[in-house]
Amino acid sequence: MTQWDDQLGKLKQIIEIMKEHNLVEVQMKQGDSEISVKKGQTGQPHISAIPIIGTSMPPVMPAAASAAGQTQAPEAKQENLVEIKSPLVGTFYAQPSPDSELYVEVGSRVDQQTVVCIIEAMKVMNEIKAEVAGTIVEVVAVSGEAVEYGQVLFRVRPD
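Please read all numbers here as calculations on a predicted model, not as lab measurements.

Peer 1: What exactly am I supposed to notice about the pairing of strand S11 (residues 152-158) here?
Peer 2: Sheet topology places strand S4 (residues 82-85) next to S11; four bridges connect them, and they run antiparallel. Among the inter-strand pairings, Val-82 is bridged to a residue of S11, identified as Val-156. Pairing of strand S9 (residues 134-139) with S11, which is carried by five bridges, proceeds in the antiparallel orientation. In the sheet register, Gly-134 faces S11, and the bridge partner there is Pro-158.

Peer 1: Explanation requested: the environment of Phe-92 in the structure shown.
Peer 2: Counting through the fold element by element, Phe-92 comes out in strand S5 (residues 90-93). Taking C-alpha positions, Phe-92 is 6.7 Å from Glu-120, a pair spaced 28 residues apart along the chain. Setting aside anything within four residues of it in sequence, one finds Phe-92 in contact with Cys-117, Ile-118, Ile-119, Ala-141, Val-142, Ser-143, Gly-144, Glu-145, Val-147, Leu-153 and Phe-154.

Peer 1: Can you walk me through the sheet that holds S5 in this structure?
Peer 2: Adjacent strands of a sheet form backbone hydrogen bonds with each other and so pair up, either parallel or antiparallel. The antiparallel open sheet is built from four strands, whose spatial order is S8-S7-S5-S10. The two strands at the open ends of the sheet, each matched to only one other strand, are strand S8 (124-129) and strand S10 (146-147). Pairing between strand S7 (residues 115-121) and S8: six bridges, direction antiparallel. Looking at S8, one finds that Cys-117 is bridged to Ile-128.

Peer 1: For this particular structure, what's the right way to read the pattern of salt bridges?
Peer 2: Where charged atoms of side chains with opposite charge meet at close range, the side chains can pair. Summed over the entire model, instances satisfying the criterion amount to four salt bridges. Put simply, Glu-83 and Lys-85 hold a salt bridge, and the shortest N to O gap is 3.8 Å. Of the charged contacts in the structure, one is a salt bridge between Glu-138 and Arg-155, with a shortest N-O distance of 2.8 Å. Pair noted here: Glu-138 is in strand S9 and Arg-155 is in strand S11, with a separation of 17 residues, a long-range link.

Quick notes on the rules
- Residues numbered from 1 in each chain as written.
- Predicted model: local features only at pLDDT ≥ 70, side-chain atom pairs only at ≥ 80, totals over all residues.
- Heavy atoms only, no water.
- Pairing = 2+ DSSP bridges.
- Helix = DSSP H or I, 4+ residues; strand = E, 2+ residues; numbered from the N terminus.
- Contact = heavy atoms within 4.5 Å.
- Salt bridge = Lys/Arg side-chain N within 4 Å of Asp/Glu carboxyl O.

Laid out in structure tokens, this is it:
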């Protein structure tokens, strides 16, 4: 079995573990090697980065990952967007209740005191404020999904 086959087998194992335990994201580091696999909006695992592990393994990214990277890179270069990041680990909610309107959506104008979402942590609902004045240009997080500390929730074009 070649090193490439071995690495592909490990990746398949990671995806199976994610499915079996209903995990949203897995990040692994070993020495200089690192891999990050995150479940996409379709519910299927999405490989966001595959670094070269060893010298004989060719750098390869799945078509979905490279396509996503191509659409995001020009946008980031065009504008100086401010990211609203999660201040804690918990569950992201884009609206106060399932039958309520969204706090914000793409195109919404916000100021420093605008509540943009709720993050539930240990049965406590924490209102997250924009802390920046501008216009929401991207909603990154998915309502009802887990978020990590420092994870980008929104991107805002500042005024």
